[in-house]
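Listed here are the chains, written in short residue letters.
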Amino acid sequence: MSFTITDECNGCGACVKFCPVDAIRGEKQEVHVIHDMLCIECGACGRICPVEAVRDGEGNRCVPVRKSMWEKPVFNHKNCISCTICIDACPVGCLALARLPTAKDPHGYPGLKDEKACIGCGFCASECPTDAITMAVPEIKVKRGAHG
Amino acid sequence: MPDAYMGSILRVDLSGETISEERIPDSIYENYLSGLGLAAYILFKEIPAGADPLGPDNILGFVSGLLTGTGSLFAGRWMVTGKSPLTGGWGDANCGGTFSPAIKRCGYDGIFIRGISENPVYLYVTGEKAELRDASHVWGKDAVEAEKMLVAETGPRSRVALIGEAGEKRSLISGICNDGGRIAARSGLGAVMGSKRLKAVVLNGAKRIPVHDRDAVHKLSGKCGQWVRMQSPLIPGGMMAYLGAFMRFLPVQMALDGMLYKMFLRKWGTGSMNQMSVEMGDAPVKNWLGSHIDFTAKKSAATNPDILKQREIIKYHCYACPLGCGGICSTKGKYARTHKPEYESVIALGGLCMNNDIESIFYLNELLNRAGMDTISAGATVAFAIECYESGVITRHDTGGLELTWGNSTAIVELVRAMIRREGIGDILADGSRKAAERIGGDAKSHAVHAGGQEPGMHDGRDDPGYALHYSVEPTPGRHTIGSFMYYEMFQLWKVIKGLPRIWPLYMKGSKYTANKKKAVMGAACSRFMNVVNGAGLCLFGTFLGAKRIPTFDWINAATGWSRTPEEYMEIGGRIQTVKQLFNIKHGIEPNNFLLTGRATGDPPLVEGANAGRTVDIKGMIRDYWKQFGWDEKTGKPTAESVIRSGIRED
């Protein structure tokens, strides 16, 4: 089920900027609309909306989260089989495979190539067939708390 | 809501520049799966009888797999399908990389393209729209360069399948490339894309792929992944030649467990077999006339898998692959990076031409990948030309001054360049050995080794007659990726399917060469199973793990919500085989004409080497194989009864 936007929307356009599939349309200062056939339910619009105008697929109000506190994937390379499913699952393309710096292992392992681009959707973790990815707020940000 | 499949296809008509979406009924997926089966169903129905493969009526179908994107491992293969200009019959080619999930992430199970565009175009598809765009700026560029340009203009998540110079020039041995020089090489479908003036298909979608029970799929994948990671220390690469020689001396055949081959693949890739295959008689040498006595272990030492591995910068994993048999290598000269040459390429451009200059093999592999020309057919056609030159059928005048002798790597490189550019003798050879022999005339025909116009893969049917059988009976002849005795041993289907013969660890080598019902049952099982595998989008190398270790059928059930038995899936595989054969009959193919050239089945037999004195009873094996499908045993044509029994509706 697609996410939706209620008429509480103030038309700030923040969600448009973060939607990875260009599913949100609307004029500035006017109520925006999510195209239900395009929405992939990543939740980025809900996390960024400052006026809580976004509802998830089940109609629940989405609570905004400061961007620095968005969860990011943490990789457990012991479980990882380098299958690259996570890289393909990422709707913004922020993951990449690279050899581990110290190991002799010639296989590459996934990591966050572009941390800023990550929208914290968690698709990489949910599609990982070996539970090698967990989503967590980056430690340094947790320590700094909401001011991070 | 469908599960595992997207339930829609995209249709493009390049002549009318129209694009539309079509819902596919669930019953089609239930009867044909997705991928190859879906394409076979659509193309059989829609390509008119006698259509020119390079004309507007031919349909080029890009399909993903049923299991692609569901969390199943090894499910990253896409296929391109159409009427083959090389054989005149059913054509398909298979490739990995990242293009398969990209099709589904745009919301489709397949993209089917007909018509001919007036000007070079590329098809751009996202989850929202599909449009044709001008491709004049990338026309003429090689596949790697053009892919980079198209990704730069459409976004970093774009996935591209495209042709190189060979496809643009309609070489009948050209394929379709993706991911920096991987290639769906066989059946000549690059020429079909070139004839349509379609440079590329660029996909940039991010749709989610529905799965019935993702946790169940993941559970199965987790277990399978553990088998893949299991790796024991192996002998050094240089010892592989001696292992091959040891197997040549043994009077008995050891049934191969795919776990051993898996370990070779994980360590070295397909190149693990480079020397071993020559020594044991699996690799054809000197255009199928030679053996390890001509191409000695000393000569083939340059292709020692350890030497190739030294160039490896990082392993290459296709989408959903835990194995990583590919590699990105550094190379000397013009190209800094290249995909590691596969076994097929190393033998076709190496031993088959008596060439042991590894630098030339690295260079030719990259050159052909960029041009989008099949390394198997290109190498085999070069070997054909060398034999013609050595036997006086063509002269130095014909070759434009090239000294086309066995193993002359400088001349081989020049010849391949000429084939890609279609210059001089290259123009004569650019459509494969059968066409070249027709053009040259005289005795040339006797030097061309092919099945129905397609050069066979680099596995010798005189060593494993299963290959010779599948080269000759498949609707896509000459293919080494469907079946052989060794594949049957590794698939271990008898462990999950009732009634299939089990193979004991040791059996007498001599027993391989005679035709009997057991071999036909094994052959038919390979064909049926590979249709399921190609409908699911799985990788052949994954299936080598063995049916108990790779849960093909359980994955499909978990991902779709169906609850079918392996036997029912094999029935679907049989249905797909019959549709492909009916496609060929519709287009005027006589299945008997796909018979592999005599010398490759030991007619006449070799006088020395691992396969000396061996002749395969190929006609007997073919007859028995066709009986397994209920087809006419003399003509290979499906009977009315077998069509009804397989559940194909003539609508």
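### Structural notes on the overall build of chain A
Piece 1. The helix and strand inventory of chain A stands at 5 helices and 8 strands.
Piece 2. The order of helices and strands in chain A, counted from the N terminus, is β-α-β-β-α-β-β-α-β-β-α-β-α.
Piece 3. In chain A, which comprises 148 residues, the share counted as buried stands at 47%.
Piece 4. A sequence separation of at least 24 residues applies to 58% of the contacts in chain A between residues at least 6 apart.
Piece 5. If you sum the accessible surface of chain A, you get close to 7,700 Å²; carbon and sulfur atoms cover 53% of it.

### Let's talk about the sheet that holds strand β12 (residues 198-204) of chain B
Residue and element names in this part refer to chain B.
Piece 1. Pairing is mixed in the open sheet, where 6 strands are placed in the order β8-β7-β12-β9-β10-β11. Strand pairing shows two members of the sheet lacking a second neighbour, β8 (130-134) and β11 (182-184), which therefore form its edges. Each strand of the sheet is rotated relative to its neighbour by a mean of 25°, with strand direction disregarded.
Piece 2. In this structure, strand β9 (residues 159-162) lies alongside β12, joined through 4 bridges in antiparallel fashion. The partner of Leu162 across the bridge, within β12, is Ala200.
Piece 3. Contacting β7 (121-126), β8, β9, β10 (176-178) and β12, helix α4 (residues 143-154) runs over the sheet at an angle of about 145° to β9.

### Quick word on the layout of surface pockets
Piece 1. Space inside the largest pocket adds up to approximately 1,200 Å³.
Piece 2. Forming the walls of the largest pocket are 37 residues, and the residues nearest its centre are Thr98(B), Glu147(B), Asp179(B), Gly180(B) and Tyr316(B).
Piece 3. At the level of elements, α3 (85-89) and β6 (95-99) of chain A together with α3 (99-105), α4, β9, β14 (312-316), β16 (337-339) and α14 (358-371) of chain B are the ones that each hand at least two residues to the lining of the largest pocket.
Piece 4. Broken down by element, the residue count for the lining of the largest pocket peaks at 4 residues, all from α4(B).
Piece 5. Here the lining of the largest pocket is composed, by residue class, of 16 nonpolar, 9 polar and 12 charged.

### What about the domain arrangement of chain B?
Residue and element names in this part refer to chain B.
Piece 1. Segmentation of chain B into domains returns domain 1 (8-203), domain 2 (216-252 + 269-443) and domain 3 (465-646).
Piece 2. Each of domain 1 and domain 2 was reduced to a C-alpha centroid, and the two centroids are 26 Å apart.
Piece 3. Across the boundary between the two partners, domain 1 contributes 39 residues, which contact 36 residues of domain 2.
Piece 4. Buried surface at the junction of domain 1 and domain 2, both sides included, amounts to about 2,800 Å², of which 56% is carbon and sulfur.
Piece 5. Contact with domain 2 buries area across many residues of domain 1, yet Leu73, Phe74 and Ile173 alone supply 24% of it, more than any other trio.
Piece 6. Across the domain 1-domain 2 interface, the total number found is 2 salt bridges.
Piece 7. Among the salt bridges present, the one from Arg370 reaches Asp142, with a minimum N-O distance of 3.0 Å.
Piece 8. Counting across the domain 1 and domain 2 interface gives 19 residue pairs in polar contact (both at pLDDT 80 or more).

### Section: the environment of Asp134(B)
Residues and elements named next belong to chain B.
Piece 1. By the element assignment, Asp134 lies in strand β8.
Piece 2. For the pair Asp134 and Gln226, spaced 92 residues apart in sequence, the C-alpha separation works out to 47 Å.
Piece 3. Beyond its immediate stretch of four places on either side in the chain, Asp134 contacts Pro120, Val121 and Tyr122.

### Some remarks on helix α15 (residues 375-390) of chain B
Residue and element names in this part refer to chain B.
Piece 1. Taking 1.5 Å as the rise per residue, α15 with 16 residues should run 22 Å; its terminal C-alpha atoms sit 22 Å apart, in good agreement.
Piece 2. Put simply, Asp374 is the residue that caps the front of α15, since its side-chain oxygen is 3.0 Å from the backbone nitrogen of Ile376.
Piece 3. Of the residues flanking the end of α15, it is Gly392, one or two places downstream, whose phi is positive at about 85°.

### Digging into a nonpolar patch on the surface
Residues and elements named next belong to chain B.
Piece 1. A surface patch of nonpolar side chains, about 310 Å² in accessible area, is lined by Ile235, Met239 and Tyr242.
Piece 2. Mapped onto the elements, Met239 comes out in the loop between α7 (214-229) and α8 (240-249).
Piece 3. You can call Met239 partly exposed: its relative accessible area is 40%.

### Topic: the packing of α14(B) against helix α16 (residues 409-421) of chain B
Residues and elements named next belong to chain B.
Piece 1. Between α14 and α16, whose axes approach to 11 Å, the crossing angle comes to 5°. Of the possible angle classes, the one that applies to α14 and α16 is roughly parallel. Note on element contacts: α16 touches α14 through Ser409, Ile412, Val413, Val416, Arg417 and Ile420, opposite Ser360, Tyr363, Leu364, Leu367, Leu368 and Ala371.

### Examining helix α23 (residues 552-560) of chain B
All names here are of chain B.
Piece 1. Here α23 lies mainly inside the structure; 8 of its 9 residues are buried.
Piece 2. For α23, every residue scored as buried is listed here: Thr552, Phe553, Trp555, Ile556, Asn557, Ala558, Ala559 and Thr560.
Piece 3. Looking at the buried positions of α23, the neighbouring elements they touch are α7, α21 (517-536) and α24 (566-586).
Piece 4. Among the residues trailing α23, Gly561 stands out with phi positive, at a value near 90°.

### Some points on the side chain of Ser187(B)
All names here are of chain B.
Piece 1. Here Ser187 shows up in the loop between β11 and α6 (189-195).
Piece 2. The exposure class of Ser187 is buried, given its relative accessible area of 2%.
Piece 3. At 3.4 Å, the side chain of Ser187 forms a polar contact with the side chain of Arg479.

### Here's the deal with the interface of chain B and chain A
Piece 1. Counting residues at the interface gives 32 residues for chain B, matched by 32 residues for chain A.
Piece 2. In total, about 2,400 Å² of surface goes out of reach between chain B and chain A, with carbon and sulfur atoms giving 51% of it.
Piece 3. The largest per-residue losses of area from chain B upon contact with chain A belong to Arg157(B), Arg208(B) and Arg229(B), which jointly make up 24% of the total buried on that side.
Piece 4. Viewed at the interface, chain A and chain B are joined by 4 salt bridges.

### Brief notes about the environment of Leu289(B)
Residue and element names in this part refer to chain B.
Piece 1. Its place among the elements puts Leu289 in the loop between α10 (274-280) and α11 (297-300).
Piece 2. Here the alpha-carbon distance between Leu289 and Ala320, two residues 31 residues apart in the chain, equals 40 Å.
Piece 3. Residue contacts for Leu289: discarding those within four places in its chain leaves Glu387, Arg599 and Leu606.

### Considering the sheet that holds strand β5 (residues 90-95) of chain B
All names here are of chain B.
Piece 1. In space, the 6 strands of this open sheet follow the order β2-β1-β6-β3-β4-β5, with mixed pairing throughout. Among the strands making up the open sheet, the edge pair consists of β2 (18-23) and β5. Adjacent strand axes in the sheet meet at a mean angle of 15°, parallel and antiparallel pairs treated alike.

### Regarding the domain arrangement of chain A
Where interface size is given, it is often the accessible area lost as the parts come together that is meant.
Residues and elements named next belong to chain A.
Piece 1. In terms of domains, chain A is made up of domain 1 (1-65) and domain 2 (69-136).
Piece 2. Spacing between the C-alpha centres of domain 1 and domain 2 amounts to 26 Å.
Piece 3. Listed per partner, the contact involves 9 residues of domain 1 and 8 residues of domain 2.
Piece 4. Both faces considered, domain 1 and domain 2 share a buried interface measuring about 710 Å² in area, 74% of it formed by carbon and sulfur atoms.

### Some points on the nonpolar core
All names here are of chain B.
Piece 1. Counting residues in hydrophobic clusters, the biggest one holds 169 residues, and the most contacted among them are Phe74, Leu415, Phe491 and Leu493.
Piece 2. For Leu415, the residues in contact, after removing those within four places along its chain, are Val382, Ala385, Leu402, Leu404, Ile425 and Leu429.
Piece 3. Formed by 29 residues, the second largest nonpolar core is a distinct cluster that contains Cys95, Ile103, Tyr108 and Leu189.

### What to know about the pairing of β8(B)
Piece 1. Pairing geometry for β7(B) and β8(B), over 5 bridges, is antiparallel. For Leu123(B), the partnering residue across the bridge sits in β8(B) and is Leu132(B).

### Side note on the pattern of salt bridges
Piece 1. Per the counting criterion, the structure on display carries 35 salt bridges over all chains.
Piece 2. Between Arg422(B) and Asp427(B) there is a salt bridge; the shortest N-O distance is 2.9 Å.
Piece 3. Taking the relative accessible area as the measure of exposure, Asp427(B) reaches 34% and is therefore partly exposed.
Piece 4. When salt bridges that share partners are traced, they join Glu8(A), Glu52(A), Arg55(A) and Arg61(A) into one network.

The rules behind these values
- Residues numbered from 1 in each chain as written.
- Chains lettered and ligands numbered in written order.
- Predicted model: local features only at pLDDT ≥ 70, side-chain atom pairs only at ≥ 80, totals over all residues.
- Heavy atoms only, no water.
- Helix = DSSP H or I, 4+ residues; strand = E, 2+ residues; numbered from the N terminus.
- Buried < 20%, exposed > 50% of the residue type's maximum accessible area, 1.4 Å probe, protein only.
- Contact = heavy atoms within 4.5 Å.
- Areas by Shrake-Rupley, 256 points an atom, 1.4 Å probe, with all protein chains shown as cover.
- Pairing = 2+ DSSP bridges.
- Axes fitted to C-alpha atoms, helices over the stretch in contact; angles between N-to-C directions.
- 1 Å grid on protein atoms, 1.4 Å probe; cavity = no way out; pocket = protein on both sides within 12 Å on 5 of 7 lines; lining within 4 Å.
- Points joined across faces, edges and corners; volume = space filled by probe spheres on them.
- Nonpolar A, V, L, I, M, F, W, Y, C, P; charged D, E, K, R; others polar.
- Domains from an automatic or database assignment.
- Buried area = accessible area lost by both parts, 1.4 Å probe.
- Salt bridge = Lys/Arg side-chain N within 4 Å of Asp/Glu carboxyl O.
- Polar contact = N/O pair within 3.5 Å; in protein donor to acceptor, adjacent residues only side chain to side chain.
- Expected span 1.5 Å × (residues − 1).
- Patch = residues over 30% accessible without salt bridge, like charges linked within 9 Å, V, L, I, M, F, W, Y side chains within 5 Å.
- Parallel < 35°, antiparallel > 145°, perpendicular 65-115°, else oblique.
- Core = buried A, V, L, I, M, F, W, Y, C linked by side-chain atoms within 4.5 Å.

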